[in-house]
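# Structure assessment
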Amino acid sequence: MRFRHPDGSTVHLAYCTNVHPAETLDGVLAQLRDHCEPVRRRLGRDRLGIGLWLARDAAHALVTDPSALRGLRNELEHRGLEVVTLNGFPYEGFGAEEVKYRVYQPDWADPERLAHTTDLARVLAQLLPDDVTEGSISTLPLAWRTAYDQERATAAHTALTTLAERLDALHELTGRSLRIGLEPEPGCTVETTRDALAPLTAIGHDRIGICVDTCHLATSFEDPRTALDALAQARVPIVKSQLSAALHAEHPHLPEVRAALAAFDEPRFLHQTRTRTAAGLRGTDDLGEALAGDALPDASPWRAHFHVPLHAAPAAPLTSTLPVLRAALTRLVGGPHPLTHHLEVETYTWQALPPELRPRARAQLADGIAAELTLARDLLTDLGLKELP
């Protein structure tokens, strides 16, 4: 979906296909047929943006077989879909029964991460629509915090610098300008937007910036305006923003709130949980840890890294951090000029919701994703953006 900002520039809105995990190119093609096109039809649009997730094997198949890449581009056009952004965070296995910490491997100190992201950039340069010259890729924020020492930090810095040079060369070769955004996430080396300032300033290349995920922003209790203003002041480019909402518990000391939270403690994904105290932010790596005994203070609200559907906040006594998303979006695109032109709804946890909330069929999932995009569209038009055909 495309929108015209009052300044005349185009803002793109997509939804991320990591909600339909597939490891192979055939699986990706099936996603387009079985999920993405039905969502487009529900929205009544001739064109729908998708943020593709390409696992290692799928990306490698595309970059080594020009005919396969042409085939994917043709399939996108045939189904009324377009790609201006990729989700390069998960490497493989995102559809496994247990993902947890595996999603952070390989990290930016490992050569595999540079090779994979280079492949993604080469693929995206060929998938961009003919009238679009700028693409974006989100990636993990350097590494999970454990076992990340100075040696690995140096290796990561070198890898990202090398990537920037490759992106410069790709721009010269293809005319397509691609940028990479580190995506701050609780528990990682770069947990907050503030944590991103030092490494990104050290790299000092406008092709390496930040991806602001509003669920992660909220989980870490960052104020959207303060965070985004700091990025602007430091001249850190906001490559893209993922529009998402976290799980919020206002009174975590109450037994009924604990019981409601426990329903979201599931085995597939990591749900980092945070609270604010007088001494600063406190947290656990997973929701189950927070619920076990006294691992996390419960005198103040808790927020958990669980991407809940944007249009359907959890039932009381829980809610979502949709107000944080609204505030962030106002700052991102509500001013005289957009801080980013790439927006992506990323709710990959539909099948991880409590059983009674999960979609039971493809049609229900498509309905839910279309409803999320409708909400995002309404937020954008309320800010003065005009939806384009």
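In this report, the structure presented in the accompanying data block is examined. (Residues numbered from 1 in each chain as written. Predicted model: local features only at pLDDT ≥ 70, side-chain atom pairs only at ≥ 80, totals over all residues. Heavy atoms only, no water.)

## Things to note about the nonpolar core
Formed by 118 residues in total, the largest nonpolar core has its most connected members in Leu13, Tyr15, Ile50 and Leu373. Examining the composition of this core, we find that 9 residues originate from one element, helix H12 (residues 362-382), more than from any other. Excluding anything up to four places from it in sequence, tyrosine 15 contacts His20, His35, Cys36, Val39, Leu48, Gly49, Ile50, Gly51, Glu344, Val345, Ile369 and Leu373. (Core = buried A, V, L, I, M, F, W, Y, C linked by side-chain atoms within 4.5 Å. Buried < 20%, exposed > 50% of the residue type's maximum accessible area, 1.4 Å probe, protein only. Helix = DSSP H or I, 4+ residues; strand = E, 2+ residues; numbered from the N terminus. Contact = heavy atoms within 4.5 Å.)

## Here we look at the sheet that holds strand S9 (residues 245-249)
Taken together, the 5 strands give an open sheet; going across it, the order is S11-S10-S12-S9-S13, and neighbouring strands pair in antiparallel fashion. Either end of the sheet is taken by a strand with one partner, and the two such strands are strand S11 (280-284) and strand S13 (318-320). This sheet shows a mean twist of 30° between the axes of neighbouring strands, independent of strand direction. Sheet topology note: the strand S10 (residues 273-277)/S11 ladder contains 5 bridges and is antiparallel. The residue bridging arginine 274 from the neighbouring strand is glycine 283, located in S11. (Pairing = 2+ DSSP bridges. Axes fitted to C-alpha atoms, helices over the stretch in contact; angles between N-to-C directions.)

## As for the packing of aromatic side chains
Tallying each qualifying case throughout the model produces 8 aromatic pairs. Their ring planes at 45° and their centres at 5.2 Å tell us that phenylalanine 94 and phenylalanine 269 sit as a pair that is tilted. With phenylalanine 94 in the loop between strand S4 (81-87) and helix H4 (111-127) and phenylalanine 269 in the loop between helix H9 (255-262) and S10, the pair connects residues that are 175 residues apart, well separated along the chain. Take phenylalanine 94 and phenylalanine 269: they sit in the same class, and that class is buried. (Phe/Tyr/Trp six-rings, centres within 6.5 Å; stacked < 30°, edge-to-face > 60°.)

## Things to note about helix H6 (residues 193-203)
Owing to its 3.6 residues per turn, the α-helix aligns residues three or four sequence positions apart on the same side. For H6, every residue scored as buried is listed here: Thr193, Ala196, Pro199, Leu200 and Ile203. The buried residues of H6 occupy an angular sector of 120° when the element is viewed end-on, so they sit on one face. Projecting away from the buried face of H6 at angles above 90 degrees are the exposed residues Arg194, Ala198 and Ala202. Structurally, H6 contributes buried residues whose contacts are with helix H5 (150-174), strand S6 (177-182), strand S7 (208-213), helix H7 (214-219) and helix H8 (224-233). (Arc of directions from axis to C-beta.)

## Things to note about the pairing of S6
Of all 6 residues making up S6, 5 are buried, and the element is well covered by its neighbours. For strand S5 (residues 134-139) and S6, the ladder comprises 6 bridges, and the chain directions are parallel. Residue pairing in the sheet places glutamate 134 in a bridge with serine 177 of S6. For the crossover that starts at S5, traverses H5 and ends in the parallel S6, the hand is right-handed. Two strands pair when backbone bridges link them, and S6 and S7 are joined in this way by 3 bridges, in the parallel orientation. Residue pairing across strands places leucine 182 opposite isoleucine 210, the latter belonging to S7. (Right-handed = clockwise from strand over helix to strand, strands pointing away.)

## Looking at the packing of helix H2 (residues 56-64) against helix H3 (residues 66-78)
It is at 5 Å that the axes of H2 and H3 come closest, and there the two elements cross at 110°. Between H2 and H3, the angle is such that the two are roughly perpendicular. Between H2, through Ala61, Leu62 and Thr64, and H3, the contact on the second element is made entirely by Pro66, Ala68, Leu69 and Leu72. In the contact of H2 with H3, the residues fall into 6 nonpolar, 1 polar and no charged. (Parallel < 35°, antiparallel > 145°, perpendicular 65-115°, else oblique. Nonpolar A, V, L, I, M, F, W, Y, C, P; charged D, E, K, R; others polar.)

## Here's the deal with H12
Between its terminal C-alpha atoms H12 stretches 30 Å, which fits the 30 Å expected from 21 residues at 1.5 Å a residue. Regarding H12, the residues found buried are Leu365, Ala366, Gly368, Ile369, Ala370, Glu372, Leu373, Leu375, Ala376, Leu379 and Leu380. Positioned one or two residues after H12, glycine 384 has a phi angle of 100°, which is positive. (Expected span 1.5 Å × (residues − 1).)

## Section: unusual backbone geometry
Cis rather than trans, the peptide bond between glutamine 105 and proline 106 has omega equal to -10°. Locating proline 106 in the fold gives a position in the loop between S4 and H4. Positive phi is not limited to glycine here, since lysine 100 has a value of about 45°. Note that lysine 100 resides in the loop between S4 and H4. Phi is positive for leucine 142, close to 75°, though the residue is something other than glycine. Note that leucine 142 resides in the loop between S5 and H5.

## Focus on the environment of leucine 287
Mapped onto the elements, leucine 287 comes out in helix H10 (residues 287-291). Along the backbone, leucine 287 and leucine 270 are 17 residues apart, and their C-alpha atoms lie at a distance of 7.8 Å. Excluding anything up to four places from it in sequence, leucine 287 contacts Leu261, Phe264, Asp265, His271, Thr273 and Ala304.

## So, the pattern of salt bridges
Evaluation of the coordinates by the stated rule reveals 25 salt bridges. The closest approach of N and O atoms between aspartate 110 and arginine 152, which form a salt bridge, is 3.2 Å. With aspartate 110 in the loop between S4 and H4 and arginine 152 in helix H5, this residue pair connects regions lying 42 residues apart in the sequence. Given the relative accessible area of 24%, arginine 152 is considered partly exposed. (Salt bridge = Lys/Arg side-chain N within 4 Å of Asp/Glu carboxyl O.)

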